[in-house]
Each structure stands twice: as structure tokens, then as C-alpha cells.
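Descriptive structure summary
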Amino acid sequence: MPQPIHPLAVSAYTVTSALGHGVADHLRALEAARGGLRPNDFGDAPLACWIGRVDGVEDAPLPAAFAAWECRNNRLAWLGLQQDGFLAQAEAAIACYGAARIALVLGTSTASIGATEEGYRRLENGRMPADLERSGVHMPHSLTAFVAAALGLQGPALTVSTACSSSAKVFASAERLIRLGLVDAAVVGGVDTLCGSVLFGFNSLELVSPERCRPFDRARRGLSLGEAAGFALLERAGAAPAAPRLLGYGEASDAHHMSTPHPEGLGAELALRDALARAGLDAAQVDYINLHGTASLKNDEVEAALIGRIFPASTRASSTKGYTGHTLGAAGIVEAAFALLALEHGFVPGNLGGDEPDPACGPQFAWRGERRDVRIALSNSFGFGGNNACLAFGKAAA
Amino acid sequence: MSMRVHVEGIGLWSPQLADFAALHAQLQGTPPPAPAGKPPASTLPANERRRAPESVLLAIEVAGQAVAMSGRAPAELACVFGSAFGDLSITDYMCETLAHAPTELSPTRFHNSVHNAAAGYWTIATGCHAPSSAVCAWHDSTGAGLLEAAAMALADQRPVLFVCSDVAGAGPLAPITRSTQAFGCAFVLAPETSPRTLATLSLQLAPRAATPMDGGALPAAWSEANATAAAALPLLVVLAGRDRHCQMAAAGGLGLEILMENVA
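Residues numbered from 1 in each chain as written. Chains lettered and ligands numbered in written order. Predicted model: local features only at pLDDT ≥ 70, side-chain atom pairs only at ≥ 80, totals over all residues.

Some words on the interface of chain B and chain A
The partner chain A presents 60 residues to the 56 residues of chain B that form the contact. Going through the elements one at a time, helix 4 (88–100), helix 5 (107–112), helix 6 (117–126), strand 3 (132–136), helix 7 (141–155), helix 8 (174–177) and strand 7 (245–251) of chain B are the ones with two or more residues in the side of chain B that touches chain A. A per-class count over the side of chain B that touches chain A returns 37 nonpolar, 16 polar and three charged. (Contact = placed C-beta atoms within 7 Å. Helix = DSSP H or I, 4+ residues; strand = E, 2+ residues; numbered from the N terminus. Nonpolar A, V, L, I, M, F, W, Y, C, P; charged D, E, K, R; others polar.)

As for the sheet that holds strand 3 (residues 38–39) of chain A
Residues and elements named next belong to chain A. Strands sit in the order 3-4-8 across an open sheet of three strands; the sheet is mixed. The outermost strands of the open sheet, each flanked by one partner alone, are strand 3 and strand 8 (225–226). The pairing of strand 4 (residues 50–52) with strand 8 spans two bridges and is parallel. In the strand pairing of strand 8, I51 is matched with L225. (Pairing = 2+ DSSP bridges.)

What to know about the confidence of the model for chain B
Looking at chain B as a whole, the pLDDT averages 95, with 99% of positions reaching at least 70. Model confidence for the complex is summarised by a pTM of 0.98, with the ipTM given as 0.98. (pLDDT = per-residue confidence, 0-100.)

Side note on helix 6 of chain B
Of all the ten residues making up helix 6 of chain B, ten are buried; the element is thus mostly covered by neighbouring parts of the structure. A117, A118, A119, G120, Y121, W122, T123, I124, A125 and T126 of chain B are the residues of helix 6 of chain B that are buried. (Buried ≥ 20, exposed ≤ 12 C-beta atoms within 10 Å, placed from the backbone.)

Details of unusual backbone geometry
One non-glycine residue, D84 of chain A, lies in the positive phi region at around 55 degrees. Within the secondary structure, D84 of chain A sits in the loop between helix 2 (72–81) and helix 3 (86–97). The phi torsion at W138 of chain B lies on the positive side, around 55 degrees, for a residue other than glycine. Along the chain, W138 of chain B falls in the loop between strand 3 and helix 7. Judged by the 23 C-beta atoms lying within 10 Å of it, W138 of chain B is buried.

Considerations on helix 7 (residues 196–204) of chain A
Taking burial as the measure, the nine residues of helix 7 of chain A include nine buried ones, the bulk of the element. Along helix 7 of chain A, the residues that are buried comprise G196, S197, V198, L199, F200, G201, F202, N203 and S204 of chain A. Buried residues along helix 7 of chain A sit against helix 4 (113–121) and strand 8 of chain A together with helix 4 and helix 5 of chain B. Just downstream of helix 7 of chain A, E206 of chain A is the residue with a positive phi angle, here 60 degrees.

See the structure below:
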């Protein structure tokens, strides 16, 4: 088992998804149990399904100085960076530590593949059209390279791309770099946007629901895809005494199958126990868990059993995919933000869409929103390839 | 702030070099015979080997070589798989299919398209439940990935397998990625010396050098054909005992200074 870590301050965070731009929109939607999914209107020949699309991305081109990075994913990143004063917080961190002493670790599943797809739709004599002959948007590091340029960061910069656990694992990478003294702070986060690859890809695996996704409902029919951007600033605890804390994280592999979870949730449980050990916590101390809860048949079955065998009924659990859709590589940061909102506002979001609970779900499930003190909150993120991560957050010690 | 990691195993594959021993031979002036066909990737069971895309075969081949050299059990190693571009043939297939017949997309090709496909196949084949990751940083993927893997080895005091590999570009992406042939390398990194230690590396972040390192005595065409080769060959030359120092790009303005302290 790993050694406990020194908690880090989450001194700023922001999220943009189908629920709105910035944390206030998200808190309002969660409190009102108002989901953000809509009938699929993305692309020329949309599949009959529901999506979590972010409003306003089309109307928000990048500033001219960043034109080389222009694409939907980087637009969403830029839109996200402008919420909740995050740009100013990043600037303040640069002024405090220096641009080379701040790491940038971002998660994404498909980055700007939408731009590559667009290029293939309008090839000119077998070549990318001239306006898309930009090498920076045809590779998975596009997001991180753009954000490094946009924020003026000059420290280590890494993209983590482990499918749906990507932007949870960025917290682990950042913590290691800070612990080793290689940097003093880190901007972490993730962005993924709707694109043909994921809509038709998940459709090919028969994992897309024709209706709004219903996580942990007995009649769930699969997932709804979404898009989102989220960022957080991590510093040593002394730098922000009142800020919520990253208490721990865990990472583990299923070693089972490329696209279905381990039947007993082995990797998920290892990640969860690793996170608790790093945070120095017992399961019974956890007040809220934001579940991976994709509404796929298998994920929810395995995850419900995991929660049932590890946590007491006093631990509350819910999936928020019914609000945002599954935002893939951005799901880790979106749901980390929801865990942080639960801590800050004493509100456990209800498991939207679970109208008829799957009998596998135990008494831990919060089917409706609950107002209560939340001191410790976890977030689960599991990805293709059996890639599992769990994050532990807590209030600053009084 | 410098980090010391201990190299216990080295894997290498390109259309010219079948393994690290072949690089030694090349540096000694006796160019080795080119490997025949695809990377063998014998760590994978036969049925998985048939389904796995080229990028996965390449990554698994070099990973298997490095772990075999280390003598470690693969299941005990955390792993970090780096690649600048992922599987460019699958990207070409996906984008081509989406442009013309999106509902005909192959589910197997889709799940093989994730950047962590190699990490998934590797952990499944070796029964590894340790943390696994897949990372990239464009032309700096090797340096940024090495930093990630070394940080994991030192922060958690555990051995880590680091793989970095890229295949050739395909279709309209070929001229954009400028990746014209495959190259992969892998290293088993440990936080402490042991009888398995082949070399000790001191790593330090520093301003990026104005002129990138080249592979010295190696053919320039190898570096020009693949960004990962360009980044990794100078380190492999160091590990072959032909040099003591190199710098890898780790991010925009950041380099990773690498100094070899001793050779077993």
C-alpha cells in the first residue's frame, strides 16, 4: 500500500459542460436536478441519440494570435479557461512561482481529432485542405500545447490520454511532480469535444443509448456522450490555507479486456483502496462518491457492487452522467469539480436518470439531491483498456 | 533538483534495429541484419497478436525486450506508454470511414484507436494490475514521458516500465506528421540500485538547448523518419556507452539534461 501524501490545495477550479459555463451554472443545475442533455444535433447525419453539447463553442473563435490552434476542442478549452477567473488565477500563479515552475498536465481522449475528421471530409486531391494543413491540430497533444501557449506556461507539459480516466490521472502526475520539487504548482484538467470518432465509435460497440442515459436504472440502455472542459490549480497546502484539498489518488489496471470492465471490478477496487491509503482514510469516513456511472450495463453493475461491498450506508453515492453525458477524457476533471462543489456547498447531487433503481444498488445511492455536510468526497473514473483512477478530496483542516 | 534513476532493461525496435544489441553492433561498425517483418511482440498471446494493430505490436515488442532484460516480473511494474501520434493507420481508417460511411466503423478498430491501447494490451497480456498510463507531448513525447515515468519511480519508490513508440503516418496525415517509419524504445527504471542495474542516469530540468542532440554516429535518416527516434536515439547512444550526456526536449522551452553516472 502507498504512503499517505501531503494534501495539496486545489486553489482554483472551473468547469464548462452542457450544464453551462463556470461552476455557478453547474451548482444551480445540480441543485435543481436539471440535466443538460439534448437530442443529437451534432454533425450532418446525426445518430438518433442524446448528447451533452456545450452552447456557444461555435461563436467563440480563438484569438488571432492562436489561430494555428483553431479547432472545436481548443475553442472549448479557451471558453473553459475564461470562466471563474481561472485565467487570472493562473497569471497570479505564474507571477508567484515563475512560468517554468508550474506544470501543465491535461487529459483528453480524442483532443482535436474533430479537425482531422473535417479535413478528411473535404480533402483536396488527397491532401488536407489548406486551412487544415496545421500539424498542431492533428495530434493528441494539441490541447496541452495550445493551453501552454494560451497561459504562457513554460514548465513540464504532458497530455495523459487513457480514455475516460485521462483527466483524473492528471492529478496524480501533478502531485508527483510537486512532491519531488520539480515544480511548485500545476494546472491540471481536461477537455474533450463531440466528434464523429466517439459518437460512431461508441455506437459501433452498441454502447450508445437511444434515449437520455439513465445511470444505475434497471432499464438503462447505454451512455449519452457529452463534451466538457475543466481546469484546476494545485499548489502546496500552505499557499492556500482555506482551499479544498486533494487528499489522495489511486491508479490501477484491470488486466481483463480492452472495452469491458473486470467483472468483479478488481482494478476499480485497487484504485479506490490506493486512493484511501494515500489519503490516510477509512472507507467509512467518505461522505460522498461521484461514481463513474456511465449507464452502460456492465459498468454500472460492477460499480454498484463495488460501492455496496466497501462503503456504509452513510456514504452517499451518485453518478452525474445524467446531467452532462459522458464527457470521456474530460469526465475526470468534470466530476472532480462536482466532488469539490459537494464539499464547498454541502450538497450531494442526485443520480439523475435512475428512476427505477437497479436492484444491485445499495442504500448508499443518493437518487435525489441531499443537503448535508460533506467533508470527504471521492470521484471514480474508469477507462477503456481497464484503466482506473480514483481521486480523494477534502475540506481544508479547520 | 536532479533525479537519479537506474536503468535495468532496454528495448528497441525499428525497421533497421531488432533490439538494443543491434544498436551496439551498429555503433561498432558492423550494421546488423534488419529484422524480418513486423515486430514479433511475443508477449502477446497469438490471438491478441492477430487483432493488435501495428502500434501495439511495436510497443509490446520493445516493452517485452526491456522487461526480459531486467529480469523483473512484468506484473510488478507500473507502466507509462508514450507516443506522439498513436496509431496513425487507425486514425487514417477512422477518419476515412467517418467521411464516407460512419455507421460502418469497426468496433475493434475503434477500441484499438485509444491512445492507451498498447497499455491495455500489455496489462492484459501480463496480468498487470499496477498503474498504467498513456501520454504524449508531440515531438517532446519521449522526454516528457521519461520525466513522467522517472517521477513515478521516485515518488512511489517502485520500478516503472517506460515505452515510447511511433509508427509511420498513413494517408493524408503522412505529410503532416512526417513520420515515415516505425521506431520504439523501452526502459525499465528503478528508484534504487540493484544487481540488475545497467546504468544510472541523473535527470535534471534545464532550459532547452538551442540545437537538438542528434544520434551522433547513427544515420541521420533514422532521426528524420520518426520524431520519437530523433528524441530517443541520443539517449540510447549514451546507454550503449558511446557518450555520457544528452539532452531531451521535455516541453516547449524545457529540456531534460541526462547524465550517465556509471555503466555496469
